[in-house]
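# Breakdown of the fold
Residues per chain are reported as follows:
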Amino acid sequence: MSVGELAGLLVAVFWAVLVTLLAVVLVRLSRVLKEATVLVSAVTEQAVPLLTDAGAAVRSANEQLERVDEITANVQDAAANANALSSTVAATLGGPLVKVAAFSYGVRKAVAKQQGAATLPARPSEREELARLIRAEVRAATAPRNGLLSRVRRAVRS
């Protein structure tokens, strides 16, 4: 055998080993790709129903939020109506009640004066009550006419 033939034989053996190693690598790679394909198909089969369920849950949550928005708006309207009603009742009944109380107090004092009693209340608590009633009457008479109560009164009258 000559040196050229020996070199050719070594190159042929090297190429045979290289091709064998590449064949083993390709076989293993094909197994990995088959397993990956199976894994991807299994994930796809499980993910599609999961995404469908998640979409249904999001739609349901959105519907519930819309209902909550409607309920909140209704409660807000009811609170505004209750506030307006209490203001109207206070404005409608508050002034006349103070006037009735002051009138009854005056009548009692007039009757007491005719019977010979003192003109000023004898007890300090009665004086304080009279002063409170007078202050309330003055406040009611000098209240601003463009406030919330006057607007509510105008709305009720019309």
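Residues numbered from 1 in each chain as written. Predicted model: local features only at pLDDT ≥ 70, side-chain atom pairs only at ≥ 80, totals over all residues. Heavy atoms only, no water.

## Some details on the overall build of the chain
Across its full length, the chain holds 3 helices and 0 strands. The secondary structure elements of the chain, listed N-terminal to C-terminal, are α-α-α. Evaluated residue by residue, the chain yields a buried proportion of 7% over its 158 residues. Element-wise, carbon and sulfur atoms account for 68% of the exposed surface of the chain, whose accessible area totals about 13100 Å². (Helix = DSSP H or I, 4+ residues; strand = E, 2+ residues; numbered from the N terminus. Buried < 20%, exposed > 50% of the residue type's maximum accessible area, 1.4 Å probe, protein only. Areas by Shrake-Rupley, 256 points an atom, 1.4 Å probe, with all protein chains shown as cover.)

## Some points on the confidence of the model for the chain
Mean pLDDT over the chain works out to 83, with 85% of the residues at or above the 70 mark. Model confidence for the chain, summarised as mean pLDDT per element, is weakest for helix 3 (residues 148-157) at 68 and strongest for helix 1 (residues 3-114) at 89. (pLDDT = per-residue confidence, 0-100.)

## Some words on helix 1
An ideal rise of 1.5 Å per residue puts 166 Å on 112 residues; helix 1 measures up with 155 Å between its terminal C-alpha atoms. Remark: the principal bend of helix 1, roughly 30 degrees, maps to L93, with a proline, P96, within the next four residues. Those residues of helix 1 that fall on the buried side of the exposure criterion are S87, T88, A91, V98, Y105 and A112. (Expected span 1.5 Å × (residues − 1). Bend = angle between axes of the 7 residues up to and from the residue.)

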